[in-house]
Amino acid sequence: MKTILFLFILSVSLFSKVDINLSHTKIKHGTTFAVVLQSDMKLSQAPNVIYKNKTFQMFTIKGSIKKYRAFIPIDYYSKKQKENVQVTYKTNDNLIKKNYDIEIIYGNYKQNEIIKVSKGKVTLSNKNKTRSTKEYNTVYKNVYSKITPYDLTLNSPFQYPMESKITSDYGNARIYNGKTKSYHTGTDYRAKVGTNIYSTNNGIVVLTMHRFYLGNVIYIDHGRGAFSYYSHMNNFDVKKGQKVKKGQLIGTSGKTGRITGPHLHYALRLYNTTVDPLQYTELYNKILKLYQ
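Residues numbered from 1 in each chain as written. Predicted model: local features only at pLDDT ≥ 70, side-chain atom pairs only at ≥ 80, totals over all residues. Heavy atoms only, no water.

Here we take up the pattern of salt bridges. Two side chains that carry opposite charge are able to pair once their charged atoms sit near each other. Scanning the entire structure with this criterion turns up three salt bridges. Notably, a salt bridge pairs Lys 17 with Asp 19, separated by 3.9 Å at the nearest N-O pair. You can call Lys 17 exposed: its relative accessible area is 51%. Asp 19 sits in the partly exposed class, given a relative accessible area of 32%. The closest approach of N and O atoms between Lys 52 and Glu 83, which form a salt bridge, is 3.9 Å. In this pair, Lys 52 is assigned in the loop between strand S4 (48-51) and strand S5 (54-57) and Glu 83 in strand S8 (residues 82-91), connecting sequence segments 31 residues apart. (Salt bridge = Lys/Arg side-chain N within 4 Å of Asp/Glu carboxyl O. Buried < 20%, exposed > 50% of the residue type's maximum accessible area, 1.4 Å probe, protein only. Helix = DSSP H or I, 4+ residues; strand = E, 2+ residues; numbered from the N terminus.)

In structure tokens:
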């Protein structure tokens, strides 16, 4: 009887099927790719994705212990080259490793976006350098270093923060007062002072503050390493610790921080990596629809 039982378990293990799909084989720097794993049997533990020596836990899709997904950020400064993506999972306590190649390609971002601001916003005084560093440390402690291990979107697709013309895309190399200083870390929407801004998905407000560069800014945690943030705002209609729903009014646009005029700077950070928020939205919604 024991022999028969053993053979049955072995048979199940041998013929169990695990499908792994990557959303991209070629991916632009500064964007996101997805990994989806589907199994016809329960896994011993949640699978992982290993990319560039970092381990990203895969999370269940709608609570199914046979379906998992992970969204992996590609840093803007990644080099054009092939990279290994390894997916690991366990069946009957046997560790399985699957390796895949993805190719990082050039994003064709705009290279000469000229912006003129006051000199003090480009060459910082010692006081403002100290202030800027302190602000970043506050954000890192409360936002970037945190990973909520469960989904706060409630399996809801992302929407846009407002309906308006996009005046500057993610990834543009910016020249401030004649000097290349940075790349654009988000998407700018045309918005006069007082235009309504809405949360792009369900989540929790983890921080509201005034920053030297970003002005009045709101950070919203959507779970599983994803945070959206909304900058240069005029006023806040939500506060730290508050749960928000997708499409909820969170405040209005303004002209605070380092700007040339009123607008909304909308950005998204995934596992402490800034990525194209619109590409992430498109990918997230697509994966949500394909794997119900």
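Right, let's get into the sheet that holds strand S3 (residues 32-39). Strands sit in the order S1-S3-S7-S6 across an open sheet of four strands; the sheet is antiparallel. With one partner strand each, in any of the chains shown, strand S1 (18-22) and strand S6 (59-61) form the two edges of the open sheet. Within the sheet, the average angular offset between the axes of one strand and its neighbour, ignoring direction, is 30°. As paired elements, S6 and strand S7 (residues 64-73) share three bridges and run antiparallel to each other. Its bridge partner lying in S7, Ile 61 is registered against Ser 64. (Pairing = 2+ DSSP bridges. Axes fitted to C-alpha atoms, helices over the stretch in contact; angles between N-to-C directions.)

What follows covers the environment of Thr 31. When you line up the elements, Thr 31 lands in the loop between strand S2 (26-28) and S3. For Thr 31, a relative accessible area of 2% puts it in the buried group. Considering only alpha carbons, one finds Thr 31 and Pro 277, 246 residues apart in sequence, at a separation of 8.3 Å. When sequence neighbours within four positions are dropped, the list of residues in contact with Thr 31 reads Ile 72, Pro 73, Ile 74, Tyr 109, Val 275, Asp 276 and Gln 279. Separated by 2.5 Å, the side chain of Thr 31 and the backbone oxygen of Lys 28 make a polar contact. (Contact = heavy atoms within 4.5 Å. Polar contact = N/O pair within 3.5 Å; in protein donor to acceptor, adjacent residues only side chain to side chain.)

Purely geometric numbers; function is a separate question.
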